[in-house]
Amino acid sequence: MTNDSELIHPLWVRITHWVNAVAVVILTMSGWRIYDASPFFPFTIPVQITLGGWLGGAIQWHFAAMWLLLGNGLVYLACNVISGRLWRKFLPWSPRAFVADVLAALKGKLSHADLSHYNMVQRAAYLFVMLDSVLLVLSGLVLWKSVQFPILRELLGGYEAARRVHFLAMAGLVAFAGIHLLMVALVPRTLLAMIRGR
Amino acid sequence: MIKKPARQLGFNGELLLKDALKDIGRHLEQPTRRAFLQRSLSLGGLSLLSGCAVVDESSVENALMKVSRFNDKVQAWLFDPKRLAPTYPDSMITRPFPFNAYYGEDEIREVAEEGYRLEVTGLVADKHAWTLAELRAMPQTDQITRHICVEGWSAIGKWGGVPFASFLRRVGADLNAKYVGFKCADDYYTSIDMPTALHPQTLLTLTYDSQPLPPRYGFPMKLRMPTKLGYKNPKHIQAIFVTNTYPGGYWEDQGYNWFGGS
């Protein structure tokens, strides 16, 4: 079997990946505009890179794209679990192997010959972004419906704490996306694989 | 703080004239709203979605509004009429409690207690106009709850007054009606769903921090709902009406979500 003929990403992975990318871009840019309405850190996001034009518009975008993220995310997780891909691709994960792979990457010795195999750094990044997305949805639920989800609200430390959690989880997602795009730029055939499947 | 430069049409005591002005105001707002949307569409977010530069702007606007209406339904479904918002001790009250309106603090309306009457119309048995003394004579309660603004910030305050459910029952309101609408002395208007109107923490508020409601917080009365965002809580209420016809609201007509629940 050669890497060229073998399917790296099944169709459902590719579809959910790109739907998720669209949802994340809309949610992030509109979320920045919402943050700007009442910033709790000593900075605002430049309005040119936000979506919605005004608070009401940004909220409409945000609360429309949230369904896209949630629905698509549930389909992705369900397929991932049912097909067994979650365990096959992302686990096992060991801290020792992770450190070894980080060192290899820094020395430029981490192989990308087989795109269907994820090294420990990739596994960590993808598992992180899955968990981070779940945290984004849960903290978002608390911000949207803090009275209706009391257990979730208290778990996150109350409404005001949930705002910070939601923001920091966003920052984590944006950091992931930045590194992700950098890696794609370094190994461009991963982009082809996510489009064609091979 | 939300400030709205448009619509400085002033206040006139006569309701008819006020309604006419409101309609004009709505038309005046349209260009502003268009400008907002044009700005939002020029950001490239859409060309990313559709892959083309030219997008029918009003169809996107309509689609987003439809999702917002869908979100109203989801929120009505999620809303538990018995679930209470958290309450807090006196020590946690935010001082000073922030002022917020669609206008600045220099434009706060001063409503005189003398001659004030609360109009109650629509699907109610008793349509008599209420004096403040009559309202103060009803059983009162108070609560310390968190006010959450659509902008994201929140503050804890102490409000007292008549549970709105008792008031609605007292005037013989049709409790199966869909909406309760409010018209205010500051030309603000909004409307809420009946289940929220009947929620035990929904309060026809006459006091703030055990003092008569000051003008900045909406004298002579506001509707306080810890289960809804700030813009759903009208101040300076002059008229309450029960209806099955969707009444909209000042911000809601411009694109804020109507249910606005928390």
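Please read all numbers here as calculations on a predicted model, not as lab measurements.

*Asks:* Is there a simple way to think about the overall build of chain A in this case?
*Replies:* In terms of helices and strands, chain A carries eight helices and zero strands. C-alpha atoms of chain A, sized along the principal axes, occupy 55 × 35 × 35 Å. Here chain A, with 198 residues, has 25% of them falling under the buried criterion. The contacts in chain A between residues at least 6 apart in sequence include a share of 61% that link residues at least 24 apart.

*Asks:* Where do I start with the interface of chain A and chain B in this structure?
*Replies:* Buried accessible area, meaning the area lost when the parts come together, often serves as the stated size of an interface. Taken together, the contact pairs 26 residues of chain A with 33 residues of chain B. Secondary structure elements with two or more residues in the side of chain A that touches chain B: α1 (11–37), α2 (55–82) and α7 (159–186) of chain A. Of the residues forming the side of chain A that touches chain B, the biggest block, eight residues, is contributed by α2 of chain A. By residue class, the composition of the side of chain A that touches chain B is 15 nonpolar, eight polar and three charged.

*Asks:* I tried to follow the environment of T141 of chain B on my own but got confused; where do I start?
*Replies:* Residue and element names in this part refer to chain B. Relative to the helices and strands, T141 resides in strand β2 (residues 141–148). For T141, a count of 13 C-beta atoms within 10 Å puts it in the partly exposed group. In sequence terms T141 and L203 are 62 residues apart; their C-alpha atoms lie 8.3 Å from each other. Look past the residues within four positions of T141 in its chain and what remains in contact with it is G160 and P163.

*Asks:* When you look at the packing of helix α4 (residues 95–106) of chain A against helix α5 (residues 120–144) of chain A in this model, what are you seeing that I'm missing?
*Replies:* Between two packed helices, what matters for the description is the angle formed by their axes and the separation of those axes. Residues and elements named next belong to chain A. For the pair α4 and α5, the least separation of the axes is 7 Å and the interaxial angle reads 110°. On the basis of the axis angle, α4 is roughly perpendicular to α5. Judged by residue contacts, A97, F98, D101, V102 and A105 of α4 engage M120, V121 and A124 from α5. Along the lines of polarity and charge, the residues of the contact of α4 with α5 split into seven nonpolar, no polar and one charged.

*Asks:* How do you make sense of the confidence of the model for chain A when you look at a structure like this?
*Replies:* Detailed reading of the predicted model is not advised wherever pLDDT is low. Across chain A, the average pLDDT comes to 92, with 97% of residues at or above 70. Mean pLDDT values for the elements of chain A range from 85 in α4 of chain A up to 97 in α1 of chain A.

*Asks:* Would you mind showing me how to read α5 of chain A here?
*Replies:* Since one α-helical turn is 3.6 residues long, residues separated by three or four positions face the same way. All names here are of chain A. With 25 residues, α5 should cover 36 Å at 1.5 Å per step; its first-to-last C-alpha distance of 36 Å lies within 8% of that length. Taken as a whole, α5 has its buried residues at M120, S133, L136, S139, G140, L141, V142 and W144. Contacts made by the buried residues of α5 are with α2, α4, α6 (150–155) and α7.

*Asks:* Sorry if this is basic, but what is going on with the pairing of strand β6 (residues 203–208) of chain B here?
*Replies:* Working note: regular strand, side chains alternate between the two faces of the sheet. All names here are of chain B. The element β6 is largely enclosed, with a buried count of five among its six residues. Of the pairings in the sheet, the one linking β6 to strand β8 (residues 222–224) comprises three bridges and is antiparallel in character. Of the residues in β8, the one forming a bridge with L203 is R224. Strand direction decides the pairing type here: β6 and strand β7 (residues 211–212), joined by two bridges, are antiparallel. Bridged to Y208 within β7 is Q211. As consecutive antiparallel partners, β6 and β7 are separated by two residues, and within that stretch D209 has a phi angle of approximately 50°, a positive value.

*Asks:* In this structure, what is going on with the confidence of the model for chain B? I would like to understand it.
*Replies:* All names here are of chain B. When pLDDT is averaged across chain B, the result is 85; 79% of the residues are at 70 or more. With pLDDT under 50 throughout, residues 1–18 is counted as low confidence; its partners more than four residues away or in other chains account for 23 contacts. Taken together, the stretch residues 20–54 has pLDDT below 50 and engages in 40 contacts with residues farther than four places along the chain or on a different chain. Per the prediction output, this complex has pTM 0.85; the corresponding ipTM is 0.88.

*Asks:* Just checking my understanding: could you explain unusual backbone geometry for this structure?
*Replies:* Of all residues except glycine, most have a negative phi; of all peptide bonds, most are trans. Residue and element names in this part refer to chain B. Cis rather than trans, the peptide bond between R95 and P96 has omega equal to -5°. Within the secondary structure, P96 sits in the loop between α3 (57–78) and β1 (119–122). You will see that D187, though not glycine, has its phi angle at about 70°, which is positive. Positionally, D187 belongs in the loop between β4 (179–184) and β5 (189–193). Judged by local crowding, D187 falls into the buried class, with 21 C-beta atoms found within 10 Å.

*Asks:* Quick question: what am I supposed to make of the packing of α2 of chain A against α3 of chain B here?
*Replies:* The contact between α2 of chain A and α3 of chain B brings their axes to 9 Å, and the two run at 65°. Here α2 of chain A is positioned roughly perpendicular relative to α3 of chain B, judged by the angle of their axes. Crossing handedness for the pair α2 of chain A and α3 of chain B: left-handed. For the pair formed by α2 of chain A and α3 of chain B, the contact residues are Q60, W61, F63 and A64 of chain A on the first element and L64, V67, S68 and N71 of chain B on the second. When its residues are assigned to classes, the contact of α2 of chain A with α3 of chain B shows five nonpolar, three polar and no charged.

*Asks:* Where do I start with the pairing of strand β9 (residues 237–243) of chain B in this structure?
*Replies:* All names here are of chain B. Counting buried positions along β9 gives five out of seven residues, so the element sits mostly inside the fold. Pairing geometry for β1 and β9, over four bridges, is parallel. Along β9, the bridge assignment pairs V120 with I240. Here β4 runs beside β9; their pairing, made up of six bridges, is antiparallel. Counterpart to Y179 in the pairing with β9 is T243.

*Asks:* Would you explain the sheet that holds β4 of chain B in this entry?
*Replies:* The pairing of strands in a sheet happens through backbone hydrogen bonds and is either parallel or antiparallel. All names here are of chain B. An order of β1-β9-β4-β5 is seen for the four strands of this open sheet, with the pairing classed as mixed. Of all the strands in the sheet, the pair left with one neighbour each is β1 and β5. Recorded for the sheet is a direction-independent mean angle of 20° between the axes of neighbouring strands.

Cut-offs and rules
Along each chain, residues carry numbers from 1 onward, in the same order as the chain's sequence is written. Whichever chain is written first is A, and whichever ligand is written first is 1; the rest continue in order. Local features are withheld for residues below a pLDDT of 70 in this predicted model, meaning they are given only at 70 or higher, and side-chain atom pairs are given and counted only at 80 or more; totals for whole chains, interfaces and linings count all residues. Think of it this way: any DSSP run of H or I at least four residues long counts as a helix, any run of E at least two long counts as a strand, and we number them from the N terminus. Counting other C-beta atoms within 10 Å of each residue's C-beta, where C-beta atoms are placed from the backbone, gives the exposure class: buried for 20 or more, exposed for 12 or fewer, partly exposed between. What counts as a contact is two residues whose backbone-derived C-beta atoms lie within 7 Å of each other. Under the convention adopted here, Pro, Cys and the residues Ala, Val, Leu, Ile, Met, Phe, Trp and Tyr are nonpolar, Asp, Glu, Lys and Arg are charged, and Gly plus all remaining residues are polar. Axis angles are defined between N-to-C directions and span 0 to 180 degrees, where every axis is a line fitted to C-alpha atoms and, for a helix, only to the segment in contact. Oblique is the label for any angle not under 35 degrees, not over 145, and not in the 65 to 115 range, which are roughly parallel, roughly antiparallel and roughly perpendicular in turn. Here pLDDT means the predictor's own confidence in every residue, given as a number from 0 to 100. A helix is expected to reach a length of 1.5 Å times the quantity of its residues less one. At least two DSSP bridges between two strands are needed for those strands to be called paired. Crossing handedness is defined as follows: a turn of the near helix away from the far one that is anticlockwise and smaller than a right angle gives a left-handed crossing, while the clockwise case is right-handed.

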